[in-house]
Amino acid sequence: NDVPKAATPAAEWLEYTALTTFKSFPNIRPQDDAWDSTYGVGKLYSQPDGTLIRAPLRGGDWSNGAVAGAFTAHFNSAPSSTNASIGFRCAR
């Protein structure tokens with residue numbers, strides 16, 4: 001599994017400032033390495049179980065509350081997953 005993770009990998013919400021590797025997703029984090037959820041960028045949910053292919057859900061979903069943000073990445077689902085709480089919004 002090639003998801004970003006902290007020094008002690010676990011299934012958990014992480015601040016971007018706590019991540020030690022971004023693996024195949026080097027551009028997933030905010031531009032400033034000091035930005036965390038207090039800046040409204042969100043958090044990253046890492047689930048490094050090593051067996052499943054994961055795809056990031058960007059921005060979070062309606063139930064993520066305080067951890068949602070422009071850079072939220074939820075690595076909990078397969079690339080083919082669907083869910084009623086996942087949507088698409090157009091932006092310019």
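Residues numbered from 1 in each chain as written. Predicted model: local features only at pLDDT ≥ 70, side-chain atom pairs only at ≥ 80, totals over all residues. Heavy atoms only, no water.

*Asks:* I'd like a description of the overall build of the chain, backed by residues and values.
*Replies:* Scanning the chain from N- to C-terminus turns up zero helices and four strands. Along the chain, from the amino end to the carboxyl end, the secondary structure elements read β-β-β-β. Taking all 92 residues of the chain together, 34% fall into the buried category. Summed over its atoms, the accessible surface of the chain is roughly 5900 Å², and 51% of this surface lies on carbon and sulfur atoms. (Helix = DSSP H or I, 4+ residues; strand = E, 2+ residues; numbered from the N terminus. Buried < 20%, exposed > 50% of the residue type's maximum accessible area, 1.4 Å probe, protein only. Areas by Shrake-Rupley, 256 points an atom, 1.4 Å probe, with all protein chains shown as cover.)

*Asks:* Quick one: what's the story with the packing of aromatic side chains, residue by residue and with numbers?
*Replies:* Inspection of every chain in the model, using the stated rule, returns two aromatic pairs. Measuring from ring centre to ring centre gives 5.3 Å for Trp13 and Tyr45, while their planes differ by 65°; the resulting arrangement is edge-to-face. Here Tyr45 lies in strand 2 (residues 44-46) and Trp13 lies in strand 1 (residues 12-14), a separation of 32 residues in the sequence. You can call Tyr45 buried: its relative accessible area is 15%. (Phe/Tyr/Trp six-rings, centres within 6.5 Å; stacked < 30°, edge-to-face > 60°.)

*Asks:* How would you sum up the side chain of Glu15? Please name residues and give values.
*Replies:* Within the element layout of this structure, Glu15 appears in the loop between strand 1 and strand 2. Of note is the side chain of Glu15, whose polar atom sits 2.6 Å from the side chain of Ser37. Discounting residues that sit within four places of it in the chain, Glu15 has contacts with Asp36, Ser37, Gly42 and Lys43. (Polar contact = N/O pair within 3.5 Å; in protein donor to acceptor, adjacent residues only side chain to side chain. Contact = heavy atoms within 4.5 Å.)

*Asks:* Quick one: what's the story with the sheet that holds strand 1, residue by residue and with numbers?
*Replies:* Read across the sheet, four strands follow the order 1-2-4-3 without closing on themselves; strand pairing throughout is mixed. Only two strands of the sheet have a single neighbouring strand rather than two, namely strand 1 and strand 3 (55-58). Taking the axes of each pair of neighbouring strands and ignoring which way they run, one obtains an average angle of 40° across the sheet. Where strand 1 lies against strand 2, three bridges are found, and the strand directions are antiparallel. (Pairing = 2+ DSSP bridges. Axes fitted to C-alpha atoms, helices over the stretch in contact; angles between N-to-C directions.)

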